[in-house]
Amino acid sequence: MKRIIVLFLPIALSLMLAVGCANKLLKENVTSQTATPAEKKSETVPEEGPVGESVTQRNLSGSEVKERGKYASVPGDEGLTRKAEKEGSLYAVHFDFDKYNIRDQDRSVLAEDASWLRKNSVVKVRIEGYCDERGEAEYNVALGDKRARSVKKYLEDLGVDGSRLTTISYGFENPVDKGHGEAAWARNRRAEFKILK
Amino acid sequence: MRAALIVSASAAGLGYEHKTIFFLALGISPDAARRVGFNLKRPRASVGTGDCHMKTGAIIIALFVLLGSFSDAMAKEYIDLSAPTVKRIPLAIGDLTYMGAQPRDTKEAAAISEVKNELSNALSGDLAFSNLFNIIDSRAFIEDPSAGGISETEMFKRARAGGADTYVKGGFLLDREKLTVELRFFDCVEGKQILGKRYTVSSGNPRRLIHYFSDQLYEELTGKKGVFTTKLLFVSNRTGNKEIYLSDYDGRGAVQITRNGSINLSPQWSPDGKKVLYASYKKGWPCLFILDLRTGRDTAVSDKKGINIGGRFSPDGGRLALTLSTKKSPGLFLLDLNTGVYRQLTDNYGIAVSPAWSPDGQRLAYVSDSAGNPHIFMLDLATGETKRLTYDGRYNSSPAWSPDGKTIAFSRSDNGLFNIWTMKPDGSGLTQLTFERDNRSPSWSPDSRYIVFSSESHGVASLYIMLSDGTGLTKLDTGRGSSTSPAWSPFLQ
């Protein structure tokens, strides 16, 4: 699925550029899709940049969007989500073995995340809980669920509307580090964010 | 291509009803399968000759001779599995001879040779797995293939001279799509045939025929049902993602039964062996599904918000114990499959997963972190009372209740690597069964004699079977990739 999107985006982009009126088309598109009252103030589509940005606009509101959240609403595209993280949007947090409490050193990270989410007030985010490879599949799905919920609760306490946050657990599936030592495990015990729209 | 698919489905060695799904899954109707010569029939067990079943009296005599036991004159079984130490009987396995005419061409010769290899491999595998025999490689001194036949008396004499008290031999005949096999088991001390059978199956299915014979031999010798025609479910990542597979008890003939490209976890059997309960992310988050192996129908049974995992059929098949996180934390629930009504069982802040029903359906063993780290607890369903069973170990997980109700197997870790342990249902009698690699997910054979589990080394997991005391460790050949989360079927015959 991810691959399809990755392949699709450049194709869609080049097609639009080819007809030579990409911005105009997109702008109309955006306007027509932002009919809900909360999203009346739709942004002007930027002159240049990845097509993902244009798609983004219909889902964001507020003038600060361009600053930090311009890639935010690309559906399910990992590359762009990572780019958003890199630009200071949403950071993953990590956990101790078999634990789901937020560690002290991650509180400032979540404060940043919360601040970004408050600014990008229409963005919906999925919090994904993961574990290291040790232990049983079922326990780890439950543990990942607890980790994602810990993060959700923490963000809610910092003023983020809980209805914008969903959680999912992948247990020990999809490790970011396929190694088998403590260093790899530490990286894999995490909660990360996927921007839904 | 079609023919190849059919062979692989037939290798799973299922009965007619069970096969149907695989043909459907492969896009082949059972009718089409028949047209290309696949024989959708159960093996017919027919008595070969009049001397097949020895009389009970003779069995008792043989028992004395073989085991030197004088304790129980009324014993019906050849081998008493309840004895403190089961003495292994020396057994010679004879060559399986081809009973037909000379092959017409090299293609036919190759087909005969392949069937012979499959039969021989399955037979020696089953006999070794039974842990009843001390197998002696003695073909040469019993029978000389070049020199016609020998008399039975001479055969018994030679076997005993070679140290074998028992002897198994057989022959087979391949006729187009039909395979006929004769198998005989002899007591060389008494000079008697204990069991003689002739079977006919489709030629694509030699292993199943041997498993069928092994069941009958095992029952003849021990008075207990054999597990050779039972099946395993497990998870394999051989396609690049985790899908559910169904194989023979020995891991052979694995057939993929989910094809959704998502993550599929922890398959479980319905008590009647006709359905598979599993967790899958195919709807986007972990939900529980039931796959009917006869019809191929796949139904979502629990798709609540949050996680739906760790489903287990109650012994009567009417309810599921499962974990939901609809409230703030993953807890245990009961789902009535007729009414669809959920009942909450645990209400902790922490985690409660992996319920294991007692065979009488009265209690659930499960894993909870309410004591700070994962331990095994017991819940009495009538009273709602919980009792903690484990106190040692950093991480205790995946309890599995033996079908005879006497033992709970589980996995435990102190340092990151897991091992399989057993204990009594009251938490006493702790015994460590494995000591090497990383071992998880124990599941009992329906006769409570064996435990299958996954064992990981260097990032690759394989399935292993051992006797319930930890001896007789056997690695299964399930094919490529990592095989995890095995679930042993109930008796299917």
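Residues numbered from 1 in each chain as written. Chains lettered and ligands numbered in written order. Predicted model: local features only at pLDDT ≥ 70, side-chain atom pairs only at ≥ 80, totals over all residues. Heavy atoms only, no water.

### Overview of the overall build of chain A
When you go through chain A residue by residue, the secondary structure sums to eight helices and four strands. Each helix and strand of chain A, placed in order from N terminus to C terminus, yields the pattern α-α-α-α-α-β-α-β-α-β-α-β. (Helix = DSSP H or I, 4+ residues; strand = E, 2+ residues; numbered from the N terminus.)

### Notes on the overall build of chain B
Helix and strand counts for chain B come out as eight helices and 30 strands. The buried share among the 493 residues of chain B stands at 54%. Looking at chain B alone, contacts between residues at least 24 apart form 44% of all its contacts between residues at least 6 apart. Accessible surface for chain B amounts to roughly 20700 Å². Of this, 50% is attributable to carbon and sulfur atoms. (Buried < 20%, exposed > 50% of the residue type's maximum accessible area, 1.4 Å probe, protein only. Contact = heavy atoms within 4.5 Å. Areas by Shrake-Rupley, 256 points an atom, 1.4 Å probe, with all protein chains shown as cover.)

### What to know about the interface of chain A and chain B
Tallying the contact residues gives 26 residues for chain A and 40 residues for chain B. Counting each side, the surface lost to burial between chain A and chain B is near 2600 Å², with a carbon and sulfur contribution of 54%. Interface area lost by chain A to chain B is led by E136, E138 and Y139 of chain A, which between them contribute 29%. Remark: the boundary between chain A and chain B carries two salt bridges. The partner of E138 of chain A in a salt bridge is R312 of chain B, with the nearest N and O atoms 2.9 Å apart. On inspection of chain A and its partner chain B, the count reaches 15 residue pairs in polar contact (both at pLDDT 80 or more). Put simply, the parts of the chain that give the side of chain A that touches chain B at least two residues each are helix 7 (137–157) and strand 3 (165–169) of chain A. By residue number, the principal contributor to the side of chain A that touches chain B is helix 7 of chain A, which donates ten residues. (Buried area = accessible area lost by both parts, 1.4 Å probe. Salt bridge = Lys/Arg side-chain N within 4 Å of Asp/Glu carboxyl O. Polar contact = N/O pair within 3.5 Å; in protein donor to acceptor, adjacent residues only side chain to side chain.)

### Quick notes on the nonpolar core
Core analysis: the largest hydrophobic core is formed by 46 residues, its most contacted members being F133, L179, L183, F185, L221 and W488 of chain B. In this structure, F185 of chain B is in contact with L91, F133, T166, Y167, V168, K192, Q193, I194, L195, L217 and L221 of chain B, ignoring residues within four places of it in sequence. Counting 42 residues, the second-largest nonpolar core is a separate cluster that includes A137 of chain A together with I307, L335 and I408 of chain B. (Core = buried A, V, L, I, M, F, W, Y, C linked by side-chain atoms within 4.5 Å.)

### Some details on the pattern of salt bridges
Residues and elements named next belong to chain B. By the definition in use, this model includes 32 salt bridges over all chains. Between E108 and R104 there is a salt bridge, with the nearest N and O atoms lying 3.2 Å from each other. A salt bridge links R207 to E118; the nearest nitrogen and oxygen atoms lie 3.9 Å apart. In this pair, R207 sits in helix 8 (residues 206–222) while E118 sits in helix 5 (residues 106–129), placing the two residues 89 residues apart along the sequence. On the accessibility criterion, R207 (7% relative accessible area) is buried.

### Focus: the packing of helix 6 (residues 107–119) of chain A against helix 7 of chain A
Residues and elements named next belong to chain A. Between helix 6 and helix 7, the shortest axis-to-axis distance is 9 Å and the interhelical angle comes to 65°. Where helix 6 crosses over helix 7, the handedness of that crossing is right-handed. Mapping the contact onto sequence places R107, L110, D113, A114 and L117 in helix 6 and V151, Y154 and L155 in helix 7. (Axes fitted to C-alpha atoms, helices over the stretch in contact; angles between N-to-C directions. Left-handed = near helix turned anticlockwise from the far one by under 90°.)

### Considering the sheet that holds strand 28 (residues 460–467) of chain B
As summarised here, the arrangement of the four strands in space is 26-27-28-29 (chain B), forming an open sheet in which the pairing is antiparallel. A single partner strand is all that each edge strand has here, and the edge strands are strand 26 (438–444) and strand 29 (474–475) of chain B. (Pairing = 2+ DSSP bridges.)

### Describing the sheet that holds strand 8 (residues 243–248) of chain B
Residues and elements named next belong to chain B. A sheet is described by the order of its strands in space; here four strands give the open sequence 9-8-7-30, paired in antiparallel fashion. Of all the strands in the sheet, the pair left with one neighbour each is strand 9 (255–256) and strand 30 (483–488). Taken together, the four bridges between strand 7 (residues 231–236) and strand 30 define a ladder with antiparallel strand orientation. Note on strand 30: the bridge partner recorded for L232 is W488.

### Remarks on the packing of helix 5 of chain B against helix 8 of chain B
Residue and element names in this part refer to chain B. Relative orientation of the contacting elements helix 5 and helix 8 amounts to 30°, with a least axis distance of 9 Å. Here helix 5 lies roughly parallel to helix 8, going by the angle between them. Note on packing geometry: the crossing formed by helix 5 with helix 8 is right-handed. Residues V115, E118, L119, N121, A122, L123, D126 and L127 of helix 5 touch helix 8, and the partners they reach there are P206, R207, I210, H211, F213, S214 and L217. For the contact of helix 5 with helix 8, the per-class residue count stands at nine nonpolar, three polar and three charged. (Parallel < 35°, antiparallel > 145°, perpendicular 65-115°, else oblique. Nonpolar A, V, L, I, M, F, W, Y, C, P; charged D, E, K, R; others polar.)

### Side note on the pairing of strand 26 of chain B
Residues and elements named next belong to chain B. Of all seven residues that make up strand 26, seven are buried, and the element is covered over most of its length. Across five bridges, strand 26 lies against strand 27 (residues 450–457) in antiparallel orientation. Its bridge partner being in strand 27, R440 is matched across the sheet by S454. Counting the residues in the hairpin turn of strand 26 and strand 27 gives five residues, including S448, whose phi is positive at 60°.

### Description of the environment of V189 of chain B
Looking at the secondary structure, you find V189 of chain B in the loop between strand 5 (178–187) and strand 6 (192–202). For the pair V189 of chain B and A164 of chain B, spaced 25 residues apart in sequence, the C-alpha to C-alpha distance is 8.9 Å.

### Considerations on helix 6 of chain A
With 13 residues, helix 6 of chain A should reach 18 Å at 1.5 Å per residue; the first-to-last C-alpha distance of 18 Å fits that figure. Those residues of helix 6 of chain A that sit buried are V109, L110, D113, A114, S115, W116 and L117 of chain A. (Expected span 1.5 Å × (residues − 1).)

### Considerations on the confidence of the model for chain A
The predicted structure's coordinates, where accompanied by low pLDDT, should not be read in detail. All names here are of chain A. Confidence along chain A averages 68 in pLDDT terms, with 54% of residues attaining 70 or more. Across chain A, the secondary-structure element scoring lowest on mean pLDDT is helix 3 (residues 51–57), at 27, and the one scoring highest is helix 7, at 97. Low pLDDT, under 50, characterises residues 1–77; the predicted model gives this stretch 93 contacts beyond four residues in sequence or across chains. (pLDDT = per-residue confidence, 0-100.)

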